[in-house]
Amino acid sequence: ANQASGTSALNLTYSLNKATIFFNFGVSGATAGQQIYYFDDVKFGGAAVTPPTQTQMTLPVTFDDATVNYGLVGFAGAEQSTITADPTLSTNQVAKVIRTNTAATYAGTTITALSGTVQTGFSTNIPFSATEKRMNVRVYSPVAGIQVRLKVEDKTDPTKSCETEATITTANGWQTLEFNFANQASGTSALNLTYSLNKATIFFNFGVSGTTAGQQIYYFDDVKFGAASGGGGGSSTLPVLPLDFESATINYAFTNFGGGATTKIANPQVSGINTSANVAKMVKGTGEVYGGSVITLAAPMDFSVNRTFKVKVFSPRVGAKLLLKVENATDGSVNFQQEATSTVANAWEDLTFDYSAISTTNQYSKLVFIFDLGTAGDGTANYTWLFDEVRLAASGGGGGSLTQMTLPITFDDATVNYGLVGFA
């Protein structure tokens, strides 16, 4: 009803069925500089929109809480540091760092909100103590073997700081790096427990220029205080899907229960559909009828598109069952499970588990394996299984076509063909 100056009035006889949005309209990019905007929930009708009240961030920094004012300030060739979707899990928010081919050796990203031009850091001090001087960060890098430096400082006095480093050992996969500030980087100050350290900066490929490395894109998430999960110093790398047991740097540690016992071994049955070097072996010994094993993944599984599990299994007999269950990382009551039955003995076959009914609003980062649920094992060859290549695949049949969008536009329905066309 209130058209923009110089444009046409609303004509209710028109068939209006397409929309375009202009951010900072009338101002050129040369004037405004590069900016990143987001939009969502395009709806018909008037509505009062009250943005959520946001609090200042503190550790742990997850980038997922709409009530927290997360902020990133990139510099020296890492200015393009933004909060975006996880490259492996679309429902998870992470920090993305584009380190350009002109980046300085010290290009980095400060994790801080801004009050005007003032960096406000964390709302509370990082709780370093005489007994705990570590932090951990989950990272994703296109290359392995590079140094990542983490710096902590007093947000009001940058001379009060400490820096330390860890090495990325996994390419194109998430891993958790542990930073021990008891071992400061060469040429930097030792950790001083009397300082108020309440701001952090991360430097990917520290010491190497963009001219040498070329442009690279890195991601990080879950900036936490304390040792990395699994301890041990250096890095603790949890697996992600597909789970194939082939990495020498990933921790394939199973937690066994009720008489189940699973370990990673060299493949003793290199044949048929599975010629990989390593597999998992489960022996169901005497104990409970529900004996099995559970493994924790580095991040929640993404069921937004693929909802069929495939697992290669080598069974000692026909008719043996595998229950595959997923659970929330902290609440085991949040779970979903399906069962499949072996049809061949002493040969590899691909078992399929239909997860089409799973709730995609929950998060699941644990995989539970139970063979022959309801029957106690005896630890013999008759209760010994091999399994490998646990992966998510597209559901069979149907679901191939998407419907055309209409209002309301939420960008959340996997069956709708949303589209954006930017220009100028």
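Reading guide: rules and limits
Residues numbered from 1 in each chain as written. Predicted model: local features only at pLDDT ≥ 70, side-chain atom pairs only at ≥ 80, totals over all residues. Heavy atoms only, no water. Buried < 20%, exposed > 50% of the residue type's maximum accessible area, 1.4 Å probe, protein only. Helix = DSSP H or I, 4+ residues; strand = E, 2+ residues; numbered from the N terminus. Pairing = 2+ DSSP bridges. Contact = heavy atoms within 4.5 Å. Axes fitted to C-alpha atoms, helices over the stretch in contact; angles between N-to-C directions. Phe/Tyr/Trp six-rings, centres within 6.5 Å; stacked < 30°, edge-to-face > 60°. Lys NZ or Arg CZ within 6 Å of the ring centre and 35° of its normal. Core = buried A, V, L, I, M, F, W, Y, C linked by side-chain atoms within 4.5 Å. 1 Å grid on protein atoms, 1.4 Å probe; cavity = no way out; pocket = protein on both sides within 12 Å on 5 of 7 lines; lining within 4 Å. Points joined across faces, edges and corners; volume = space filled by probe spheres on them.

Draft legend 1. Fine view of the pairing of strand E20 (residues 308-314). Taking burial as the measure, the seven residues of E20 include six buried ones, the bulk of the element. Taken together, the seven bridges between E20 and strand E23 (residues 348-354) define a ladder with antiparallel strand orientation. Bridge pairing links Lys310 to Thr352 in E23. Pairing of E20 with strand E25 (residues 384-393) involves six bridges; the strand directions are antiparallel. Bridge pairing links Phe309 to Leu392 in E25.

Draft legend 2. Fine view of unusual backbone geometry. The peptide bond linking Leu59 to Pro60 adopts the cis configuration, its omega dihedral lying at -5°. Tracing the backbone shows Pro60 in the loop between strand E1 (55-56) and strand E2 (68-69). In this model, Leu407 is joined to Pro408 through a cis peptide bond whose omega is -5°. Positionally, Pro408 belongs in the loop between strand E26 (403-404) and strand E27 (416-417). One non-glycine residue, Asn24, lies in the positive phi region at around 50°. Inspection of the secondary structure puts Asn24 in the segment before helix H1 (29-32). Its identity as a non-glycine residue notwithstanding, Asp41 has a phi of 50°, on the positive side.

Draft legend 3. Seen up close, the side chain of Asn328. Looking at the element boundaries, Asn328 is found in the loop between strand E21 (321-327) and strand E22 (335-341). Not counting chain neighbours up to four residues away, the residues in contact with Asn328 comprise Val334, Gln363, Tyr364 and Lys366.

Draft legend 4. Region of interest: the sheet that holds E22. Reading across from one edge, E16-E19-E24-E21-E22 is the order of the five strands in this open sheet, with antiparallel pairing throughout. At either end of the open sheet lies a strand with only one pairing partner, and these are strand E16 (254-257) and E22. Geometrically, the sheet is characterised by an average inter-axis angle of 20° between neighbouring strands, direction not taken into account. Relative to strand E19 (residues 292-296), E16 is paired through four bridges, and the arrangement is antiparallel. If you follow Phe254 over to E19, its bridge partner there is Ile295.

Draft legend 5. Up close: the side chain of Glu327. For Glu327, the location among the structural elements is in strand E21. The class for Glu327 is buried, based on a relative accessible area of 15%. Residues within four places of Glu327 in sequence aside, it is in contact with Gly332, Val334, Asn335, Gln363, Tyr364, Ser365, Lys366 and Val368.

Draft legend 6. Structural context of the packing of aromatic side chains. For the structure on display, the rule yields 31 aromatic pairs. When the ring of Phe204 is compared with that of Phe220, the centres are 6.3 Å apart and the planes differ by 40°; the resulting orientation is tilted. With a gap of 16 residues between them, Phe204 in strand E13 (residues 199-204) and Phe220 in strand E14 (residues 216-225) connect regions that are remote in the sequence. For Phe220, a relative accessible area of 0% translates into the label buried. For the ring pair Phe336 and Tyr355, a centre distance of 4.9 Å and an interplane angle of 65° mean the geometry is edge-to-face. Taken as a pair, Phe336 in strand E22 and Tyr355 in the loop between E23 and strand E24 (366-371) lie far apart in primary sequence, 19 residues in all. Each member of the pair, Phe336 as well as Tyr355, carries the same accessibility label: buried. Each residue in the set Phe245, Tyr252, Phe254, Phe369, Phe371, Tyr383, Trp385 and Phe387 is aromatic and connected to the rest through ring pairs, giving one cluster. Over the ring of Tyr383 we find Arg317, and its NZ or CZ is 4.8 Å from the ring centre.

Draft legend 7. Examining the nonpolar core more closely. Core analysis: the largest hydrophobic core is formed by 38 residues, its most contacted members being Val61, Ile111, Met135, Val152, Phe181, Phe204 and Phe220. Sorting the residues of this core by element identifies strand E5 (93-99), strand E9 (134-140), strand E10 (147-154), strand E11 (157-167), strand E12 (174-180), E13 and E14 as the ones contributing at least two each. Look past the residues within four positions of Phe181 in its chain and what remains in contact with it is Phe128, Lys133, Met135, Leu150, Val152, Cys162, Glu163, Thr164 and Leu191. Leu351, Phe371, Trp385 and Leu392 belong to the second-largest nonpolar core, a separate cluster that totals 32 residues.

Draft legend 8. Local environment of empty space enclosed by the protein. With the rule as written, the count across this model stands at one cavity of 30 Å³ or more. By volume, the largest cavity is sized at about 30 Å³. Ala78, Val97, Arg99, Ala107, Gly108, Thr109, Ile202, Phe203 and Phe204 together form the lining of the largest cavity. Listed by contribution, the elements that provide at least two residues to the lining of the largest cavity are E5, strand E6 (108-111) and E13.

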